[in-house]
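# Descriptive analysis of the structure
Next come the chains, spelled out residue by residue.
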Amino acid sequence: MQLVDLYAEWVKYKEARIRVGQFKRAFTFENPTHPITQGWYAYADVINRLSGFGDRAGEKASGGRDIGIQLQGDLFPAADGHRFLHYQVGVYNGEGINRKDKDERKDIIGGVWVVPIKGLRIGAFGWNGSHGGMTTNAGTDQSVTLNRYCLSAEWDKDEFTFRSEYVHSQGWGVSSPGSGNTTIDYTKGDKADGWYVFGIVPVIKSKLHAKARYQCYRPQKNADTQKTMYEVGANYFINKNLEITAEYARVNDRSLAPGNHDYNFVDVEFDFRF
């Protein structure tokens, strides 16, 4: 058992809302999306590794969350009711959920996106921070500086969802992301990146959706270590809270031994929320 979300939020004005507590980091479009709503068996690999899930920086898997304070708002209302500009910026401990700050340095994470028409948003995010208590080859403690950015685009309207994001990270990682391991693995380099693009479209409105996704994650920002997945599937909605999802993926993982780079992946789930 662990505490996941606990926060208080002042929401009197759409232009400026303040949130304090433990919650999702203000980084990427996909991170704050509910695991079922995002439409796939899991978030894209680049989101998992570079947005505080099973993060390459070594923090314990935190579901994209951290402890902090965030200011966000929506500006410039349009005639149809949507707002043309959204901004958000937060200051976080930088250690993930349920953990105190190890180096007294805070993470600053922010994002901004424009909404030219209802359903379309185009955004960018930045992350400057650190992960404390890391161990060097010499056995000494060190803080690892993290510099990350993300470029995002999304169309989400009338059950049609198309999204693409590119994320880049600079900062040393560990050999086992998300495990809480604190030993820096210098052999993996200090840069990583990745991207994904997907489409989900209704076949039967409010009942059956078809989907396809292409994603790539490069833990050392080179072709020799990249993992690429080509995915197709469908989501069937029994009702708004019950859903069956099915996916097939062809995977090419160049970090595996020669001859084992390519394999197939199948996932079937029964999802519910309450």
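Located above this text is the structure these notes cover.
I will try to describe carefully the structure that is included in this document.

What counts as what
- Residues numbered from 1 in each chain as written.
- Predicted model: local features only at pLDDT ≥ 70, side-chain atom pairs only at ≥ 80, totals over all residues.
- Heavy atoms only, no water.
- Phe/Tyr/Trp six-rings, centres within 6.5 Å; stacked < 30°, edge-to-face > 60°.
- Helix = DSSP H or I, 4+ residues; strand = E, 2+ residues; numbered from the N terminus.
- Buried < 20%, exposed > 50% of the residue type's maximum accessible area, 1.4 Å probe, protein only.
- Core = buried A, V, L, I, M, F, W, Y, C linked by side-chain atoms within 4.5 Å.
- Contact = heavy atoms within 4.5 Å.
- Salt bridge = Lys/Arg side-chain N within 4 Å of Asp/Glu carboxyl O.
- Patch = residues over 30% accessible without salt bridge, like charges linked within 9 Å, V, L, I, M, F, W, Y side chains within 5 Å.
- Areas by Shrake-Rupley, 256 points an atom, 1.4 Å probe, with all protein chains shown as cover.
- 1 Å grid on protein atoms, 1.4 Å probe; cavity = no way out; pocket = protein on both sides within 12 Å on 5 of 7 lines; lining within 4 Å.
- Points joined across faces, edges and corners; volume = space filled by probe spheres on them.
- Nonpolar A, V, L, I, M, F, W, Y, C, P; charged D, E, K, R; others polar.
- Polar contact = N/O pair within 3.5 Å; in protein donor to acceptor, adjacent residues only side chain to side chain.

## Concerning the packing of aromatic side chains
- As enumerated under the stated definition, the model contains 16 aromatic pairs in all.
- Measuring from centroid to centroid gives 5.1 Å for F29 and W113, while their planes differ by 85°, and the two rings are edge-to-face. Of the two residues, F29 sits in the loop between β2 (16–24) and α1 (45–50) while W113 sits in strand β5 (residues 107–114), which places them 84 residues apart along the sequence. With respect to burial, F29 and W113 carry one shared label: buried.
- With centroids separated by 5.3 Å and ring planes inclined at 40°, the aromatic side chains of Y214 and Y230 adopt a geometry described as tilted. In this pair, Y214 sits in strand β10 (residues 208–218) while Y230 sits in strand β11 (residues 227–239), placing the two residues 16 residues apart along the sequence.
- Taking relative accessible area as the criterion, Y214 reaches 28% and is therefore assigned partly exposed.
- One aromatic cluster in this structure is built from F27, F29, W113, F125 and W127.

## Observations regarding the nonpolar core
- Core analysis: the biggest nonpolar cluster contains 30 residues, and F27, V46, I47 and V167 have the highest contact counts within it.
- Elements that contribute at least two residues to this core include exactly α1, β5, β6 (120–135), β7 (141–157) and β9 (191–204).
- Among the elements that line this core, the one with the most residues is β9, at 4 residues.
- When near neighbours in sequence (up to four residues on either side) are disregarded, V167 contacts F27, T28, V46, I47, L50, Y149, C150, A192, D193 and G194.

## With respect to the pattern of salt bridges
- Applying the stated criterion across every chain, the model contains 17 salt bridges.
- We note a salt bridge from R65 to D5, for which the minimum N-O separation is 2.8 Å. One end of the pair, R65, is in strand β3 (residues 65–77); the other, D5, is in the segment before β1 (6–13), and 60 residues separate them in sequence.
- Taking the relative accessible area as the measure of exposure, R65 reaches 15% and is therefore buried.
- Note that R148 and D55 form a salt bridge whose closest N and O atoms lie 2.8 Å from each other. Residue R148 is found in strand β7, and its partner D55 is found in the loop between α1 and β3; the two are separated by 93 residues along the sequence.
- Sharing partners across several salt bridges, the network here consists of E30, R121, E154 and R163.

## Observations concerning a nonpolar patch on the surface
- Side chains of V232, Y236, I238, I244, Y248, V266, V268, F270, F272 and F274 sit close together on the surface and give an oily, nonpolar patch of about 1,100 Å² of accessible area.
- Among the secondary structure elements, those contributing two or more residues to the nonpolar patch are β11, β12 (242–253) and β13 (262–272).
- Here the nonpolar patch takes 4 residues from β13, the largest share from any one element.
- Tracing the chain through its elements places F272 in strand β13.

## Notes on the layout of surface pockets
- There is about 450 Å³ of room inside the largest pocket.
- Lining the largest pocket are 25 residues, and of these I36, T37, T161, H209 and F237 lie nearest its centre.
- Ranked by residue count, the leading element in the lining of the largest pocket is β11, at 3 residues.
- Residue composition of the lining of the largest pocket, by class: 6 nonpolar, 10 polar and 9 charged.

## Some thoughts on the environment of N93
- Note on placement: N93 falls in the loop between β4 (83–92) and β5.
- C-alpha separation for the pair N93 and N48, spaced 45 residues apart in sequence, amounts to 19 Å.
- Those residues in contact with N93 that sit more than four places away from it in its chain are D66, I67, R99, K100, D101, R105 and K106.
- There is a polar contact of 2.9 Å between the side chain of N93 and the side chain of K106.

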